[in-house]
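Here are the chains, one letter per residue:
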Amino acid sequence: MICPGCSCLCDDVYIKDGRVFNACRRGREIFAKYSENRTVAKVDGKEVDVDIAIEKAVEILKDAKNPAIYGLDTTVVEAQKLAIDVAEKLNGYIDDNSSFCLGELVEAVLKGELPTTTLDEVRDNAYVLVYWGTNPYHSLSRHLSKYTYYPRGKKRPRGYDEDRFLVVVDVRRSETAVLAKKNARFIRVDDDAELVDSFVKVVEGKAAKYAKDVGVVITEMKKADFNVIFGGLGLKYGLKDLNQFKEMVKKLNEVAPVYFIPAGFHGNMRGFNETLFERVGHVNRYSFGDSKSGEEFAFTELLKNEKIDAALIVGTDPVYSLPFEVSSKLGKIKSIVVDPRMSFTARIADVVIPSAISGVEAGGTMVRSDGVRVKLEPLEEKEINDVYILNKIKEGL
């Protein structure tokens, strides 16, 4: 089975005699506890039939002058396409968590501004593995064991014993950084921009602040024909200018092959990014009314500045995840929640539409962090899922 718990989308999970095997803690809970804390269809706090809830959702969206659609990172590509159709039909806004997560890094990959590869190629070929601003020990629990540091690959038959070199770049000694002992390097960074600059200067033969650490890493990269950098939130927020990082990767490729893969996000965030990018040339924060993408169209900004009067929220919980001064604005607008779980946002929504859990009760397509598409094979197939609901909403508009 495919586990939808994170962007690794592990494909070797199975259930036997009620026990979940090969999954991390997050994955085990998805399969073992999928029947808990489920939503029921509601309108204005009263339980109703699902079709009535959908009809009310359509009514709210049709009456709205400035509606927004938000979430979608935990649902399948087929549902994401329908959500984009709905946003376009409404002439509204659409956004997902990537607008404050790794969307900018994914967009650079999709535009060909950063050379990329697949996790399968990494497992078989990669020598230097750089985890920059990410702690997969927590965010991607099987990343190291399934794809990068520990596996024995075709060109790396001895795994981390001799055939891998781990580099961890972080502001603190994280759990992943603790592993950086044998064949490894931990770089405690105060300023990501200065470290990026140091890589460029060392390649050019100039003095730099992090010259000692960077010199070791570049020397190791030159030993191989395949190296990879995994960039997380620490990299995104540690850099004011992503162009500087792009230039660094380009410069490193003058001395050794170096690829880049974004690391650490929801199960199908990249799926949403790719789906929207194929449609409009942008990965998030898009306004169909203005026919452009911009920071002002991020769901957080739209809420904060009170620019929207209705929101369709699919498979995410902004009341829980966003700052209170932002999420509290949801109470001022009409909100529709499509979710399998009774989230905090569902508790305050005008309309709640219960859905199926992707990968457990609904099949479809998801996209791994490296861009590889996988087909979900659920335990059971429920008729009322995100595709069903969004298609009904689209037809009703």
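Quick caveat, the model's predicted, so the values are computed rather than measured. (Residues numbered from 1 in each chain as written. Predicted model: local features only at pLDDT ≥ 70, side-chain atom pairs only at ≥ 80, totals over all residues. Heavy atoms only, no water.)

This part is about the pairing of strand S18 (residues 373-376). Taken residue by residue, a regular strand's side chains alternate between the two faces of the sheet. Alternating positions in S18 separate cleanly, Val374 and Leu376 being buried on one face and Arg373 and Lys375 remaining unburied on the opposite face. Pairing geometry for strand S17 (residues 364-367) and S18, over 4 bridges, is antiparallel. Counted as the bridge partner of Thr365 is Lys375 from S18. The turn linking S17 back onto S18 is made up of 5 residues, and Gly371 within it adopts a positive phi angle of 95°. (Buried < 20%, exposed > 50% of the residue type's maximum accessible area, 1.4 Å probe, protein only. Helix = DSSP H or I, 4+ residues; strand = E, 2+ residues; numbered from the N terminus. Pairing = 2+ DSSP bridges.)

Each assigned domain of the chain is listed here: domain 1 (38-101 + 267-396) and domain 2 (103-262). One C-alpha centre belongs to domain 1, the other to domain 2; they are set 33 Å apart. Each side of the interface is counted separately: domain 1 has 17 residues, and domain 2 has 16 residues. Surface buried jointly by domain 1 and domain 2 totals about 1,300 Å² across both partners, of which 57% is contributed by carbon and sulfur atoms. Between domain 1 and domain 2 we count 1 salt bridge in total. Measuring nitrogen to oxygen at the nearest pair gives 2.7 Å for the salt bridge that ties Arg368 to Asp120. (Domains from an automatic or database assignment. Contact = heavy atoms within 4.5 Å. Buried area = accessible area lost by both parts, 1.4 Å probe. Salt bridge = Lys/Arg side-chain N within 4 Å of Asp/Glu carboxyl O.)

Next up on the list: the packing of helix H9 (residues 192-203) against helix H10 (residues 211-221). Look at H9 against H10: their axes get within 9 Å of each other, and the N-to-C directions meet at 60°. Classified by the angle between their axes, H9 and H10 sit oblique to one another. Our pair here, H9 against H10, has a crossing hand that is right-handed. On H10, the residues that touch Leu195, Ser198, Phe199, Val202 and Val203 of H9 are Ala211, Val214, Gly215, Val217 and Ile218. (Axes fitted to C-alpha atoms, helices over the stretch in contact; angles between N-to-C directions. Parallel < 35°, antiparallel > 145°, perpendicular 65-115°, else oblique. Left-handed = near helix turned anticlockwise from the far one by under 90°.)

Moving on, we come to the sheet that holds strand S10 (residues 227-231). Read from one edge to the other, the open sheet built from 5 strands follows the order S9-S8-S7-S10-S11, with strand pairing classed as parallel. Edge positions in the sheet fall to strand S9 (184-188) and strand S11 (258-262), since each of these pairs with one other strand and no more. Here the average twist between neighbouring strands, direction ignored, is 15°. As defined by bridge partners, strand S7 (residues 128-132) adjoins S10 across 4 bridges and the pair is classed as parallel. Of the residues in S10, the one forming a bridge with Val130 is Ile229. On the sheet, H10 packs against S7, strand S8 (165-170), S9, S10 and S11 and is oriented at approximately 145° with respect to S9. Along the sheet face, helix H12 (residues 242-252) touches S7, S10 and S11 and points at about 170° away from the line of S10.

Taken across its 5 residues, S7 has 5 buried, putting it largely inside the fold. Side chains Val128, Val130 and Trp132 of S7 all project onto a buried face; the interleaved residues Leu129 and Tyr131 project onto the opposite face, where all are buried too. As paired strands, S7 and S8 are joined by 5 bridges and run parallel to one another. Of the residues in S8, the one forming a bridge with Leu129 is Leu166.

The 9 strands are arranged S4-S3-S16-S15-S14-S5-S6-S12-S13 in an open sheet whose pairing can be described as mixed. With partners counted over all chains shown, the strands left at the sheet margins are strand S4 (46-47) and strand S13 (292-293), one partner each. Contacting strand S3 (42-43), strand S5 (67-71), strand S14 (310-314), strand S15 (334-339) and strand S16 (351-354), helix H2 (residues 50-63) crosses the sheet at an angle of about 135° to S16. The strands that helix H18 (residues 386-396) touches are S14, S15 and S16; relative to S14, the one it contacts most, it runs at about 155°.

Right, let's talk about the packing of aromatic side chains for a bit. As enumerated under the stated definition, the model contains 14 aromatic pairs in all. When the ring of Tyr14 is compared with that of Phe21, the centres are 5.0 Å apart and the planes differ by 10°; the resulting orientation is stacked. For Tyr14, a relative accessible area of 40% puts it in the partly exposed group. An aromatic cluster is present here, built from Trp132, Phe199, Phe245 and Phe260 joined pairwise through their rings. Lying over the aromatic face of Tyr237, Lys236 brings its terminal NZ or CZ to 5.3 Å of the ring centre. (Phe/Tyr/Trp six-rings, centres within 6.5 Å; stacked < 30°, edge-to-face > 60°. Lys NZ or Arg CZ within 6 Å of the ring centre and 35° of its normal.)

Now for the environment of Phe260. Of note, Phe260 is situated in strand S11. Judged by relative accessible area, Phe260 falls into the buried class, the value being 0%. Other than its neighbours up to four places away in sequence, Phe260 contacts Leu105, Val109, Leu114, Pro115, Thr116, Thr117, Val228, Ile229, Phe230, Gly231, Leu235 and Phe245.

A separate point is the packing of helix H3 (residues 77-90) against H18. Axis angle and axis distance: for two packed helices, these are the angle between their axes and the distance between the axes, and together they describe the pair. Running from N to C, H3 and H18 cross one another at 20°; their axes reach a closest spacing of 9 Å. Taken together, the axis directions place H3 and H18 in an arrangement best described as roughly parallel. Crossing hand, H3 versus H18: left-handed. Residue-level contacts link Glu78, Ala79, Leu82, Ala83, Asp85, Val86 and Lys89 of H3 to Asp386, Val387, Leu390, Asn391, Ile393 and Lys394 of H18.

Each α-helix turn comprises 3.6 residues. Residues three or four places apart therefore point the same way. Among the residues of H12, Leu242, Phe245, Lys246, Met248, Val249, Lys251 and Leu252 are the ones counted as buried. In this structure Asp241 caps H12, since a side-chain oxygen of it lies 3.0 Å from the backbone nitrogen of Asn243. (Polar contact = N/O pair within 3.5 Å; in protein donor to acceptor, adjacent residues only side chain to side chain.)

Here we take up the pattern of salt bridges. On inspection of all chains with the given rule, the structure shows 33 salt bridges. Where Lys146 meets Asp11, a salt bridge forms, and the shortest distance between an N and an O atom there is 3.2 Å. With Lys146 in helix H7 (residues 143-146) and Asp11 in the segment before strand S1 (14-16), this pair connects stretches of sequence that are 135 residues apart. Look at Asp11 and you get partly exposed, because its relative accessible area is 46%. Between Glu254 and Lys251 there is a salt bridge; the shortest N-O distance is 3.9 Å. Classification of Lys251 by relative accessible area gives buried; the value is 13%. Residues joined in a network through salt bridges with shared partners are Asp11, Asp12, Arg142 and Lys146.

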